[in-house]
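Chain by chain, the residues run as shown.
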Amino acid sequence: MREEFMREAIRLSRLKMQTGQGGPFGAVMVRRGQIIARGWNRVTSANDPTAHAEVMAIRAACRKLKTFHLADCELYTSCEPCPMCLAAIYWARLKKVYYGNSRHDAAKIHFDDELIYREVARPVSRRLIAMKQLLRGEAGKVFSEWKDKLDKVAY
């Protein structure tokens, strides 16, 4: 079955690339042996830099299941997830991820995330995009309210 799910992710990557919806990336979310959601790269067609195949599959699965945790799901994706997608996978608490192409394969066709991997590891003060903390005290008050909120939904 795993190969069938991966073939569907690869099929989506090819089809949606050929129809001009975005880059060559596709993903399917599987739960209990069934595909419950599909995603494909829509960065250029949606003008959304976050519309990667994995993120789109996560969003679709969460909508379908009406939850923000996908701990009983597996993701099949045509390429090793980029740093953003990897973070989304951890936030969704997926059980397992299967991927086709590697991040190094993607870099060879100019989808290179190495800069982001390096930037995440750098101290904030040394990142290429300037980041400056501002109004921490005021922002911290909201965090204090969250900490004390009795009806919060923890995640």
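Structural notes, computed from the coordinates. (Residues numbered from 1 in each chain as written. Predicted model: local features only at pLDDT ≥ 70, side-chain atom pairs only at ≥ 80, totals over all residues. Heavy atoms only, no water.)

## Overview of the nonpolar core
Most often, soluble globular proteins keep nonpolar side chains buried together rather than apart.
Step number 1: By size, the foremost hydrophobic cluster in this structure holds 19 residues, and its most contacted members are Met 29, Ile 58, Leu 70, Leu 75 and Leu 94.
Step number 2: Non-local contacts of Met 29, meaning those with residues more than four positions away in its chain, are made with Gln 34, Ile 35, Ile 36, Ala 37, Ala 57, Ile 58, Ala 61, Leu 70, Cys 73, Glu 74, Leu 75 and Leu 94.
Step number 3: Within the second largest apolar cluster, 9 residues are counted, among which are Leu 12, Val 28, Val 30 and Tyr 98. (Core = buried A, V, L, I, M, F, W, Y, C linked by side-chain atoms within 4.5 Å. Buried < 20%, exposed > 50% of the residue type's maximum accessible area, 1.4 Å probe, protein only. Contact = heavy atoms within 4.5 Å.)

## Things to note about the pattern of salt bridges
Step number 1: Scanning all chains against the criterion turns up 8 salt bridges.
Step number 2: The partner of Asp 151 in a salt bridge is Lys 149, with the nearest N and O atoms 2.6 Å apart.
Step number 3: Residues joined in a network through salt bridges with shared partners are Glu 8, Arg 11 and Arg 38. (Salt bridge = Lys/Arg side-chain N within 4 Å of Asp/Glu carboxyl O.)

## A short note on unusual backbone geometry
Step number 1: Located in the positive-phi region is Lys 66, a residue other than glycine, with phi close to 55°.
Step number 2: Residue placement: Lys 66 occurs in the loop between helix H3 (53–65) and strand S3 (73–79).
Step number 3: In this structure Lys 66 comes out as exposed when scored by relative accessible area, which is 75%.
Step number 4: Even without a glycine there, the phi angle at Leu 135 is positive, about 55°. (Helix = DSSP H or I, 4+ residues; strand = E, 2+ residues; numbered from the N terminus.)

## Remarks on the sheet that holds strand S1 (residues 26–31)
Step number 1: Spatial strand order, S2-S1-S3-S4: 4 strands in an open sheet with mixed pairing. Here the strands that pair on one side only, and so sit at the sheet edges, are strand S2 (34–40) and strand S4 (96–101). Neighbour-to-neighbour, the strand axes of this sheet turn through a mean angle of 15°, independent of strand direction.
Step number 2: Sheet analysis places S3 next to S4, joined by 5 bridges and oriented parallel. The residue of S4 that forms the bridge with Thr 77 is Tyr 99.
Step number 3: Where H3 meets the sheet, it contacts S1, S2 and S3, and its direction lies at approximately 135° from that of S2. (Pairing = 2+ DSSP bridges. Axes fitted to C-alpha atoms, helices over the stretch in contact; angles between N-to-C directions.)

## What about the packing of H3 against helix H4 (residues 83–92)?
Step number 1: Close contact between H3 and H4 brings their axes to 8 Å; oriented N to C, the two are set at 25°. In terms of axis orientation, H3 runs roughly parallel to H4. In this structure, H3 crosses over H4, and the sense of that crossing is left-handed. Residue-level contacts link Glu 54, Val 55 and Ile 58 of H3 to Met 84, Cys 85, Ala 88, Ile 89 and Ala 92 of H4.
Step number 2: When its residues are assigned to classes, the contact of H3 with H4 shows 7 nonpolar, no polar and 1 charged. (Parallel < 35°, antiparallel > 145°, perpendicular 65-115°, else oblique. Left-handed = near helix turned anticlockwise from the far one by under 90°. Nonpolar A, V, L, I, M, F, W, Y, C, P; charged D, E, K, R; others polar.)

## Looking at the pairing of S1
Remember that side chains alternate between the two faces of the sheet whenever the strand is regular.
Step number 1: Burial of S1 is extensive: 5 of the 6 residues sit out of reach of the surface.
Step number 2: Both S1 and S2 contribute to a ladder of 6 bridges, which runs antiparallel. By the bridge assignment, Met 29 is partnered in S2 with Ala 37.
Step number 3: Following S1, the chain reverses through 2 residues before pairing antiparallel with S2; Arg 32 in that reversal takes a positive phi of roughly 50°.

## What to know about the environment of Val 30
Step number 1: Along the chain, the position of Val 30 falls in strand S1.
Step number 2: Taking the C-alpha atoms as reference points, Val 30 and Ala 106, 76 residues apart in sequence, are found 24 Å from one another.
Step number 3: When sequence neighbours within four positions are dropped, the list of residues in contact with Val 30 reads Phe 5, Ile 35, Asp 72, Cys 73, Glu 74 and Tyr 76.

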